[in-house]
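Take a look at the letters that make up each chain.
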Amino acid sequence: MKPRTQAIHGGHTADPVTGATAVPVYQTAAYAYGTAEELADVFAGRAPGDVYSRISNPTTQALEKRLADLEAGQKGPATGCIATASGMAAITATMMGLLRSGDEILSANGIFGGTISLFSNTLGRFGVTTTYANADKADSFGKRIGERTKVIFLESIGNPRMNVPDIEGIAHAAHERNIPLVVDTTLTPPTIVQSGLLGADIVVFSTSKYINGHGTAIGGALVDTGNYDWGRGLFPDLRQTALRLGRFAFLGHLRKVIYRDLGGCPAPMNSFLMLQGLETLGPRMDLHCSNAQRLASELSRHPEISWVNYPGLNSSPYNDRAQRWFGGSAGGVLTFSLGTRQRAMAFVNALRLAKNMTNIGDAKTLVLHPATTIYQEYTDEDRKAVGVHDDMLRVSVGIEDIDDIIEDFEQAIAAATGFATAVKEAT
Ligand SMILES: Cc1ncc(COP(=O)(O)O)c(C=O)c1O
C-alpha cells in the first residue's frame with residue numbers, strides 16, 4: 001500500500017466481533033485472564049497478550065502498527081513502533097534506552113527548545129553531555145563526532161531554524177562510526193518522507209502536531225527503522241538483548257524496561273484521536289504545504305518583510321533538499337520578520353483569524369513570537385545560537401482558505417507597520 005492508503009487502513013481492518021471499522025477505544029487499565037498459568041505466560045512473554053496499559057493497550061497497538069507501516073515505506077518492514085504520551089516522552093525514552101552516564105549526544109543546533117532542555121538540563125543531570133553543531137554540512141558536523149558520541153540527533157526540518165540538515169550525509173558519517181542516527185520528523189510526517197530511506201535508524205516525532213492535526217491531544221512515537229544492527233552495535237546491553245530478540249532488541253528493551261519504567265504511555269483515547277488524525281494526514285499535509293508555500297512567497301515579496309525562512313522557497317539554501325527528499329512539500333511552518341520586535345508584537349496583536357499560541361500542525365493557522373515564549377528563559381546569546389532572533393515570528397500555516405490567511409496577514413502587517421498597501425497591490 002502507498003502511504004496515504006496505509007494512513008487509513010494500516011493496523012486495523014474491522015473489529016472481528018462487531019465489524020466496527022473505527023478502532024475501538026479499549027479504555028481499560030488492565031486485562032483479566034482465565035487462569036493463573038495464562039497470565040504467568042503473558043507476563044513471561046511466552047504467550048501474546050496485554051497485562052497492563054502502561055505497557056501495552058490494543059488501541060495504542062493499532063496506532064503503533066499503522067505508524068510502523070507508514071515509516072517502513074518501500075524499504076520493507078520497520079522493526080516496529082512505540083507510541084508515547086508526548087513527543088518529549090518519545091525522545092526521552094529513546095535517549096534513556098541508548099545512553100548511560102558519560103555518553104555524549106551530538107545534536108544539530110536550532111532544534112526545538114524542549115529537546116535542548118531535555119538534553120542539556122535533564123539528561124545533563126545524569127551525566128550525559130550534548131554537543132550542538134550546525135548540521136547543514138555533513139563534513140563539518142561529522143568532525144564533531146567524538147570518542148564518547150553514542151547518538152546523533154537531527155530534526156528533518158529544524159524547528160525553529162527552518163533548515164534541512166544533510167540527513168543522508170550525516171547518516172553516512174554516523175554509520176562509519178557505527179553510531180545510530182535519531183531523526184525527529186515532527187515537521188515532515190511519513191506521508192512526506194520516510195526517513196529510514198535517508199538513513200535514520202530511529203525516527204521520533206510528536207503526534208500532537210500534524211498526525212493529530214486538530215490540536216486535540218498530546219502524543220508522540222518512536223520507530224525503529226530496522227537500519228541499525230543492534231547485535232553489532234555500540235551498546236553492550238543491547239548486544240546482549242539482541243542474542244534473544246535479534247532486530248527487535250532496541251524495542252524489546254524499551255517495552256520491557258525503559259518504557260515500562262518511565263511510564264510515558266499514551267491514554268487509549270488519545271491513541272484513538274491520533275488514529276483518526278492519521279486517516280486524513282495525506283490530504284491535510286498537501287494543504288498545509290501548499291498554503292505555506294503560497295504565504296511564504298507572498299510574504300517574501302512584501303516590502304515591509306525583512307526576510308522569510310521556508311525551505312520551499314527557491315531562494316532558500318535548503319530548497320534542493322526539500323525538493324529531493326520531501327518531493328517539494330516543505331512542511332507547513334515558516335518564520336519571517338517585520339524588522340523589529342515591536343512590530344512583531346504589534347503584528348500578533350492585530351491578527352484576527354490566526355491564533356496567537358504555541359503549537360504547530362493544527363488545522364488552524366497559529367502565530368508565535370518565539371523569543372518571548374518558548375525561548376524566554378534563554379539568554380540573548382543562547383537564543384542567537386539556536387537562531388531565535390528578537391524580530392522573528394513563527395507561523396504554523398493552517399488549512400483554511402489561503403486567501404483568508406493572506407488577507408489576515410496583510411491587515412496585520414498594515415496595522416503593525418502603518419503600511420496601508422495590501423500585499424497583492426505591493427507586488
Ligand atoms: C520538532 C519537535 N519535536 C518534539 C516536540 C515535542 O512534542 P510534544 O509537545 O508532543 O511533547 C515538538 C513540540 O513542539 C517539536 O516541535
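For every chain, the first residue of the written sequence is number 1, and numbering continues from 1 onward in sequence order. Under the rules for a predicted model, residues below a pLDDT of 70 receive no local features and side-chain atom pairs below 80 are neither given nor counted, while totals for whole chains, interfaces and linings still include all residues.

A few words on the overall build of the protein chain. Secondary structure assignment for the protein chain yields 16 helices and 12 strands. Computation of the radius of gyration draws on C-alpha atoms alone. For the globule rule, the value is 2.2 Å times the number of residues to the power 0.38. Against the compact-globule benchmark of 22 Å for 427 residues, the protein chain has a radius of gyration of 22 Å, which places it among compact chains. For the protein chain, buried positions account for 50% of its 427 residues. Runs of H or I in DSSP of at least four residues are treated as helices and runs of E of at least two as strands, each being numbered from the N terminus. Burial is judged by counting other C-beta atoms within 10 Å of a residue's own C-beta: 20 or more means buried, 12 or fewer means exposed, and anything between counts as partly exposed, with every C-beta placed from the backbone.

Pairing geometry for strand S2 (residues 104-108) and strand S3 (residues 129-133), over 5 bridges, is parallel. In the sheet register, Ala108 faces S3, and the bridge partner there is Ala133. We call two strands paired when DSSP finds no fewer than two bridges between them.

In the neighbourhood of the ligand, 14 residues make up the surrounding shell, with Ser86, Gly87, Met88, Ser206 and Ser208 lying closest. When residues are sorted by character, Ala, Val, Leu, Ile, Met, Phe, Trp, Tyr, Cys and Pro go into the nonpolar class, Asp, Glu, Lys and Arg into the charged class, and all the rest, Gly among them, into the polar class. Among the residues making up the shell around the ligand, the classes are represented as 3 nonpolar, 9 polar and 2 charged. Being near a molecule or strand means, for a residue, that its C-beta atom, positioned from the backbone, comes within 6 Å of it.

Viewed as axis vectors pointing N to C, helix H8 (residues 236-245) and helix H9 (residues 249-262) meet at an angle of 100°, and their least axial separation amounts to 8 Å. Between H8 and H9, the crossing angle belongs to the class labelled roughly perpendicular. Side by side, H8 and H9 meet where Leu238, Thr241, Ala242 and Leu245 of the first sit next to Ala249, Phe250, Gly252 and His253 of the second. Among the residues forming the contact of H8 with H9, the class breakdown is 5 nonpolar, 3 polar and no charged. Helix axes are fitted only over the stretch in contact, all axes being lines through C-alpha atoms; the angle between N-to-C directions runs from 0 to 180 degrees. For this classification, under 35 degrees means roughly parallel, over 145 means roughly antiparallel, 65 to 115 means roughly perpendicular, and everything else is oblique. A pair of residues counts as a contact when their C-beta atoms, built from backbone coordinates, are separated by no more than 7 Å.

What follows covers the environment of Gly199. In this fold, Gly199 is placed in the loop between strand S5 (181-184) and strand S6 (202-206). For Gly199, a count of 19 C-beta atoms within 10 Å gives the class partly exposed. Residues Gly199 and His172, spaced 27 residues apart in sequence, show a C-alpha to C-alpha distance of 7.4 Å. Excluding anything up to four places from it in sequence, Gly199 contacts Ile167, Glu168, Ala171, His172, Leu181 and Asn227.

Further remarks concern the domain arrangement of the protein chain. Domain boundaries shown here were taken from an automatic or database domain assignment. Partitioning the protein chain into structural domains gives domain 1 (3-278) and domain 2 (282-426). On a C-alpha basis, the centres of domain 1 and domain 2 stand 29 Å from each other. At 3 residues, helix H1 (residues 3-9) tops the list of elements feeding residues into the side of domain 1 that touches domain 2. Classifying every residue of the side of domain 1 that touches domain 2 gives 14 nonpolar, 10 polar and 3 charged.

Looking at helix H5 (residues 113-122), one finds that the buried residues are Gly113, Thr115, Ile116 and Phe119. Around the axis of H5, the buried residues are gathered within 160° of arc, so they sit on the same side. Its buried side turned inward, H5 meets helix H4 (87-98), S2 and S3. This arc corresponds to the set of directions leading from the helix axis out to the C-beta atoms.

In this section: the environment of Glu381. You can see Glu381 is positioned in helix H14 (residues 380-385). Using a count of 7 C-beta atoms within 10 Å as the deciding quantity, one classes Glu381 as exposed. Separated by 51 residues in sequence, Glu381 and Ala330 place their C-alpha atoms 29 Å apart.

A word on H9. To estimate the expected span of a helix, subtract one from its residue number and multiply by 1.5 Å. An ideal rise of 1.5 Å per residue puts 20 Å on 14 residues; H9 measures up with 18 Å between its terminal C-alpha atoms. The set of residues buried in H9 consists of Ala249, Phe250, Leu251, Gly252, His253, Leu254 and Tyr259. Residues of H9 that are buried sit in contact with strand S1 (80-84), H4, strand S7 (220-224) and H8. Of the residues flanking the end of H9, it is Gly263, one or two places downstream, whose phi is positive at about 75°.

Here the focus is unusual backbone geometry. Excluding glycine, most residues fall at negative phi; most peptide bonds, likewise, are trans. In this structure, Pro160 follows Asn159 across a cis peptide bond, with omega equal to 20°. One non-glycine residue, Asn178, lies in the positive phi region at around 65°. Here Asn178 shows up in the loop between helix H7 (167-176) and S5.

Direction vectors running N to C along H4 and H5 enclose 30°, while the axes themselves pass 11 Å from each other. Relative to H5, the element H4 lies roughly parallel. Seen from above, H4 lies across H5 with right-handed handedness. Across the interface between the two elements, Met88, Ile91 and Thr92 of H4 pack against Gly114, Thr115 and Leu118 of H5. Crossing handedness is read from the near helix: turned anticlockwise from the far helix by less than a right angle, it gives a left-handed crossing, and turned clockwise, a right-handed one.

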